[in-house]
Amino acid sequence: MADHQQLAKSFEGIGEDYDRYRPGFPVAAADAILPDRVDAVLDLGAGTGKFTELLVGRADRVIAVEPSVAMLDVLRAKLPTVEALEGGAEQIPLPGGSMDAVAVAQAFHWFDRDAACAQIRRVLVPGGTLGLLWNHSDPECSWDRACHRVAHPAVSDSADATTESAADELPGFVFDHRAELGWSERITREDYIRRWLTVSSFLTADDDTRAGMVAELDSILDADPATAGRDDFTLPMVTDVFVYRADAA
Ligand SMILES: C[S@@+](CC[C@H](N)C(=O)[O-])C[C@H]1O[C@@H](n2cnc3c(N)ncnc32)[C@H](O)[C@@H]1O
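Scope of this entry: the structure provided in the associated data block. (Residues numbered from 1 in each chain as written. Predicted model: local features only at pLDDT ≥ 70, side-chain atom pairs only at ≥ 80, totals over all residues.)

1. Notes on the overall build of the protein chain
Per the secondary structure count, the protein chain includes ten helices and seven strands. Among the 249 residues that make up the protein chain, the fraction classed as buried is 39%. Pairs at least 24 residues apart make up 75% of the contacts formed inside the protein chain by residues separated by at least 6 positions. (Helix = DSSP H or I, 4+ residues; strand = E, 2+ residues; numbered from the N terminus. Buried ≥ 20, exposed ≤ 12 C-beta atoms within 10 Å, placed from the backbone. Contact = placed C-beta atoms within 7 Å.)

Written out as structure tokens, the structure is:
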């Protein structure tokens, strides 16, 4: 089993597949973080810009910081007005007090939490907004939950692999509010499987293990009445948004 650092680096090689198959985010998630237009917002761990695109038009400067060059190449081609910088959360390549808001979509659990919080606090203005967000499966959707357990076998049914890393207390920040946003998308079975192939545990698995994991996904989809024999289906999802304000100090 790959360790945390290997899993975090698993995104180095993919860009286009990630952008094509991963889900986006509801507009309401961007509303929860940036209800009003600001001067400057940073999307940290921006990947291919799946959340960044919802920030465009909400700030005069939209900046994306991301360590994977393959991800950044896709983001730059897709969002030419965004300032895209190579970098990591533990050493953000921006001056202190230069951002009104920082968003972190599906990535905070990969960061060195305390170092990243200190850096995010440094680049934010006092009282600035930090928004952490994750997409996760709808607890009512048993087949998608079962597929999640294939990717994240160590995680209990009631917990989510990633949202757990958001705590009510982050050093340098005051918790403001949480929004849980339900939404759904129509997805083909083929794209649903391809989506799983962009998840870190699939990316780092050897070929035999990965093939076994895909076979498990197939048997789950073949067994559930909502998905059996169907080329496409409705996938319900929940986007969990945690909003914090930077301490005034
Ligand atoms: C699951 S992807 C999310 C990408 C994008 N935010 C999205 O929602 O589609 C996680 C991202 O975190 C990035 N990442 C991993 N470790 C990081 C770190 N220490 N600092 C900044 N980004 C990191 C990865 O390269 C990857 O692009």
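2. Thoughts on the site of the ligand
Looking at the ligand, there are 21 residues lining it, with Gly 45, Gly 47, Ala 89, Ala 105 and Ala 107 nearest. Grouping the constituent residues of the shell around the ligand by class yields twelve nonpolar, five polar and four charged. (Near = placed C-beta within 6 Å. Nonpolar A, V, L, I, M, F, W, Y, C, P; charged D, E, K, R; others polar.)

3. Observations concerning the packing of helix H7 (residues 142–151) against helix H10 (residues 207–223)
Running from amino to carboxyl end, H7 crosses H10 at an angle of 165 degrees, the nearest separation of the two axes being 10 Å. Classed by the angle they form, the pair H7 and H10 counts as roughly antiparallel. You can see that H7 and H10 cross each other, and the crossing is right-handed. For the pair formed by H7 and H10, the contact residues are Trp 143, Ala 146, Cys 147 and Val 150 on the first element and Met 213, Glu 216, Leu 217, Ile 220 and Leu 221 on the second. In terms of residue class, the contact of H7 with H10 is built from eight nonpolar, no polar and one charged. (Axes fitted to C-alpha atoms, helices over the stretch in contact; angles between N-to-C directions. Parallel < 35°, antiparallel > 145°, perpendicular 65-115°, else oblique. Left-handed = near helix turned anticlockwise from the far one by under 90°.)

4. Regarding the environment of Leu 221
Within the secondary structure, Leu 221 is located in helix H10. A residue is classified by how many C-beta atoms lie within 10 Å of it, and Leu 221, with 21 of them, is buried. A sequence separation of 28 residues divides Leu 221 from Ile 193, and the C-alpha atoms of the two residues are 9.9 Å apart.

5. Digging into the nonpolar core
The biggest cluster of nonpolar side chains holds 58 residues, and the ones touching the most others in it are Leu 44 and Val 102. Ranked by the residues each element gives to this core, the list is headed by strand E4 (residues 99–105), at six residues. If you look at the next biggest cluster of nonpolar residues, it comprises seven residues, including Cys 147, Met 213, Leu 217 and Leu 221. (Core = buried A, V, L, I, M, F, W, Y, C linked by C-beta atoms within 7 Å.)

So yeah, pure geometry; function would need other evidence.
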